[in-house]
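Here is what each chain is made of, one letter per residue.
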Amino acid sequence: MHRMFMSIAAFMLAATLVTAQDDRLGEISFDEVTLTEEKVPYFAVGVGFTASAMFPDLADVSAHATSYGLGELSGPMFVSGADIFTAIAIVPNVRAGFYWLGGGLETTGNIQVSNQPITRTMSYTFEMRGVYFDYAFVPTKGLAILPGLRAGWGTQSIELYQGAASRSWSDFAGPNDLLPSPDAYQLLQRDVLHVAPQLNIEYALTPFLNLRAAAAYQMQVSAADWISTKTSTVAGLPDGINMNAFSASIGVFVGLFN
């Protein structure tokens, strides 16, 4: 009798629990739950190589070259160098970087001076370094669009040199011969400050490898006097000989990228 009573009690308790659970089934909602994806701030630390095609105004520089019997300079001007950058942790999606670029154009010709054949060359070069800040938009995983601004300093140079096509060692033996005729050398150079709005489009192939395509317009904001062969101040150069230039570039970087 006691065992039968315990069995009946256990059955009634189980039935009560099942009924209570059935009553709560109506409270459960199967409506679609919208999950919000957490946006991860842009993060990257990288160092790499960049190469740019620049398009400065070459008209006045080419006129200088032709006045020495040389051909005109033709663009674009190719410059290359190093670039290093890092995200700024305290400001989400902002990064800072440093760049160093250099390159130029040249024209060479064989001409006659006092009935002696010589080779004459003129080169036109830019060297640039500075810092930049970008803001990152990340529309999809691995892809970053980064408008920004860079500012820096650089050197603009026009170099002209010539020499005989062939020489013997005895031509350089005289103690008073600094440059045996018809050898000659001239360097025009000045320092320049510049700024450039830029747009970088980057894609991280892996967490450790990043590719960049970029466009910028460099504007000269200040320039020192032209100096001839590191000695004399030169006035009167055309205003068209400046470092204003549109550029398109590519880059390859290694580091850590999200």
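In every chain, residue numbers begin from 1 and rise along the written sequence. Selection of residues for local features in this predicted model requires a pLDDT of at least 70, selection of side-chain atom pairs for listing and counting requires 80 or more, and totals for whole chains, interfaces and linings are taken over all residues. As a rule here, side-chain values cover all heavy atoms of the structure and leave hydrogens and water aside.

Participant: Looking at this model, I keep getting lost on the overall build of the protein chain. Mind explaining?
Facilitator: Secondary structure counts use DSSP, requiring at least four H or I residues in a row for a helix and at least two E residues in a row for a strand, with both numbered from the N terminus. Along its length, the protein chain carries two helices and eleven strands. N-terminal to C-terminal, the α/β element order of the protein chain is α-β-α-β-β-β-β-β-β-β-β-β-β. Among the 258 residues that make up the protein chain, the fraction classed as buried is 34%. Contact definition: two residues touch when any of their heavy atoms are within 4.5 Å. Counting only contacts in the protein chain whose residues sit at least 6 apart along the sequence, the fraction spanning at least 24 positions is 73%. Accessible surface area values rest on a Shrake-Rupley calculation with a 1.4 Å probe, where residue burial reflects the displayed protein chains alone. Accessible surface for the protein chain amounts to roughly 15900 Å². Of this, 63% is attributable to carbon and sulfur atoms. Each residue gets one of three labels from its accessible area relative to the maximum for its type: buried under 20%, exposed over 50%, partly exposed in between, using a 1.4 Å probe on protein chains only.

Participant: So what exactly am I meant to see when it comes to the side chain of N242 here?
Facilitator: Within the secondary structure, N242 sits in the loop between β10 (232–234) and β11 (245–257). Of the residues examined, N242 reaches a relative accessible area of 13% and is grouped as buried. Polar contacts here mean pairs of N or O atoms no more than 3.5 Å apart (in protein, one a potential hydrogen donor and the other a potential acceptor; neighbouring residues in sequence count only if both atoms are side-chain atoms). Separated by 3.0 Å, the side chain of N242 and the backbone nitrogen of N244 make a polar contact. Excluding residues that lie within four positions of it along the chain, N242 makes contacts with Y124, F126, Q156, R190 and Q220.

Participant: In this structure, what is going on with the packing of aromatic side chains? I would like to understand it.
Facilitator: Each pair of aromatic rings is reported with the distance of its centres and the angle of its planes. Only rings of Phe, Tyr and Trp enter the pairing, Trp through its six-membered ring, and a pair is recorded when the two centres are within 6.5 Å. The plane angle decides the type: under 30 degrees is stacked, over 60 is edge-to-face, the rest tilted. Tallied over the full model, the rule gives six aromatic pairs. Each ring, one from F85 and one from F253, has its centre 5.2 Å from the other, and the planes form 65°; the classification is edge-to-face. In this pair, F85 is assigned in strand β2 (residues 77–87) and F253 in strand β11, connecting sequence segments 168 residues apart. Judged by relative accessible area, which is 2%, F85 ranks as buried. Taking the relative accessible area as the measure of exposure, F253 reaches 0% and is therefore buried. Judged by centre distance (5.3 Å) and plane angle (75°), the ring pair of Y124 and F126 falls under edge-to-face. In this structure, Y124 and F126 share a single accessibility class: buried. Ring pairs connect the aromatic residues F85, F253 and F257, which therefore count as one cluster. Taking the ring centre of F85 as reference, the NZ or CZ of R95 above it sits at 4.2 Å. A ring is scored as having a charge over it whenever the NZ atom of a lysine or the CZ atom of an arginine sits within 6 Å of its centre and within 35 degrees of its normal. Above the ring of W100, the side-chain terminus of R129 is found at 5.3 Å from the ring centroid.

Participant: Just to check I follow, could you spell out the nonpolar core for this structure?
Facilitator: Soluble globular proteins tend to bury their nonpolar side chains together. Each nonpolar core is a collection of buried residues, namely Ala, Val, Leu, Ile, Met, Phe, Trp, Tyr and Cys, held together in the definition by side-chain atoms within 4.5 Å. Residues Y42, M122, Y124 and M128 are the most contacted members of the largest nonpolar core, which totals 35 residues. Elements with a minimum of two residues in this core: β1 (44–56), α2 (59–67), β2, β3 (94–113), β4 (116–135), β6 (143–164), β7 (184–206) and β11. By residue number, the principal contributor to this core is β4, which donates five residues. Ignoring sequence-local partners within four residues, the contact set of M122 consists of V61, H64, A65, L70, L73, L105, E106, T107, I158, E159 and L160.

Participant: Got a minute to help me understand the pattern of salt bridges in this structure?
Facilitator: One side chain can pair with another of opposite charge once the charged atoms of both are near each other. A side-chain nitrogen of Lys or Arg and a carboxyl oxygen of Asp or Glu constitute a salt bridge if their distance falls within 4 Å. Taken as a whole and judged by the stated rule, the model has five salt bridges. Where D134 meets R95, a salt bridge forms, and the shortest distance between an N and an O atom there is 3.1 Å. Of this pair, D134 sits in strand β4 while R95 is found in strand β3, placing the two residues 39 residues apart along the sequence. Like D134, the residue R95 is buried in the burial classification. Residue R212 is joined to E202 by a salt bridge in which the shortest nitrogen-to-oxygen separation is 2.8 Å.

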